[in-house]
Amino acid sequence: FNGNANDESGSGNDGTVNGATLAGDRNGDSSKAYSFDGNGLITFDHSKINGQNEFTYSLLMKIDDSSVGCIIQNGNGGLFLEENGNLIAEILPNRNGGPGTRYWADYTPNFKYSEWNHLLFIGDANEKLGLYVNGEKLDQNIYKHDDGVTGHYYQFNIGGIKNNAELTNASLDEVRIYNRALSE
């Protein structure tokens, strides 16, 4: 972020801020990241982002041991922080939000609390997930799927899902979305 939720790549995927507040970034520059307190999110038009066979989400996140909620979500998949500090990553084979099968994995990261952590979430065309925290590939604790899930993620959201599961006690910066699965 650069003082707003505009797409710095020039692709026109600008976001709308709903309650998230500007905060200091990893370099200490004020108003260059967004802080989430459980009452806000940033939404983006999904039309250019949903429907990707492969994708990578890269971002910086600063949390404490009470942080919880949706980090990023759209029709391709999402990343969620649980109360126990674990991460849930999901991928939706029907990349427009369902109906269909959903695959997800539960990860136990080694976060550095009150410091910036780099997260890299990769989804590929073969329904495989990959999650890295601070350059370390995390092992999947549980890999599940359920048939017949109907998910309707018609917007691309950072920090929540349409007034639900908002991210609390966290700051995010340098969010990047790629339309390909980055390789190791």
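Residues numbered from 1 in each chain as written. Predicted model: local features only at pLDDT ≥ 70, side-chain atom pairs only at ≥ 80, totals over all residues. Heavy atoms only, no water.

**Considering the side chain of Asp173**
Turning to step 1, where the next piece is worked out: Mapped onto the elements of the fold, Asp173 is located in strand β14 (residues 168-178).
Turning to step 2, where the next piece is worked out: It turns out Asp173 is buried and unbridged, and the closest side chain with the opposite charge, Arg26, is 5.6 Å from it.
Turning to step 3, where the next piece is worked out: In terms of polar contacts, Asp173 uses its side chain to reach the backbone amide nitrogen of Phe1, at 3.0 Å.
Turning to step 4, where the next piece is worked out: In contact with Asp173, not counting residues within four places along its chain, are Phe1, Asp25, Arg26, Lys32, Ala33, Leu59, Leu60 and Trp116. (Helix = DSSP H or I, 4+ residues; strand = E, 2+ residues; numbered from the N terminus. Buried < 20%, exposed > 50% of the residue type's maximum accessible area, 1.4 Å probe, protein only. Lys, Arg positive; Asp, Glu negative; His and termini not counted. Salt bridge = Lys/Arg side-chain N within 4 Å of Asp/Glu carboxyl O. Polar contact = N/O pair within 3.5 Å; in protein donor to acceptor, adjacent residues only side chain to side chain. Contact = heavy atoms within 4.5 Å.)

**Digging into the pairing of strand β4 (residues 41-45)**
Turning to step 1, where the next piece is worked out: Extensive coverage of β4 is indicated by the burial of four of its five residues.
Turning to step 2, where the next piece is worked out: Across four bridges, the pairing between strand β1 (residues 15-18) and β4 is antiparallel. Paired with Asn18 across the bridge in β4 is Leu41. (Pairing = 2+ DSSP bridges.)

**Re the side chain of Asn117**
Turning to step 1, where the next piece is worked out: If you trace the backbone, Asn117 turns up in strand β9 (residues 116-123).
Turning to step 2, where the next piece is worked out: For Asn117, a relative accessible area of 0% corresponds to the buried category.
Turning to step 3, where the next piece is worked out: Within polar-contact distance, the side chain of Asn117 engages the backbone oxygen of Glu115 at 3.1 Å.
Turning to step 4, where the next piece is worked out: Those residues in contact with Asn117, other than ones at most four positions away along the chain, are Leu59, Leu60, Met61, Phe111, Lys112 and Asn134.

**Quick look at unusual backbone geometry**
Turning to step 1, where the next piece is worked out: Even without a glycine there, the phi angle at Ser31 is positive, about 60 degrees.
Turning to step 2, where the next piece is worked out: Here Ser31 lies in the loop between β2 (21-23) and β3 (33-36).
Turning to step 3, where the next piece is worked out: The phi angle at Asn169 is positive, at roughly 50 degrees, despite the residue not being glycine.
Turning to step 4, where the next piece is worked out: Inspection of the secondary structure puts Asn169 in strand β14.

**Considering the pattern of salt bridges**
Turning to step 1, where the next piece is worked out: Evaluation of the coordinates by the stated rule reveals one salt bridge.
Turning to step 2, where the next piece is worked out: Taking the shortest distance from any N to any O, the salt bridge between Arg26 and Glu174 comes out at 2.8 Å. A residue pair is termed long-range when its members are at least 10 positions apart, and Arg26 in the loop between β2 and β3 and Glu174 in strand β14 qualify at 148 residues.
Turning to step 3, where the next piece is worked out: Take Glu174: its relative accessible area is 26%, and that puts it in the partly exposed class.

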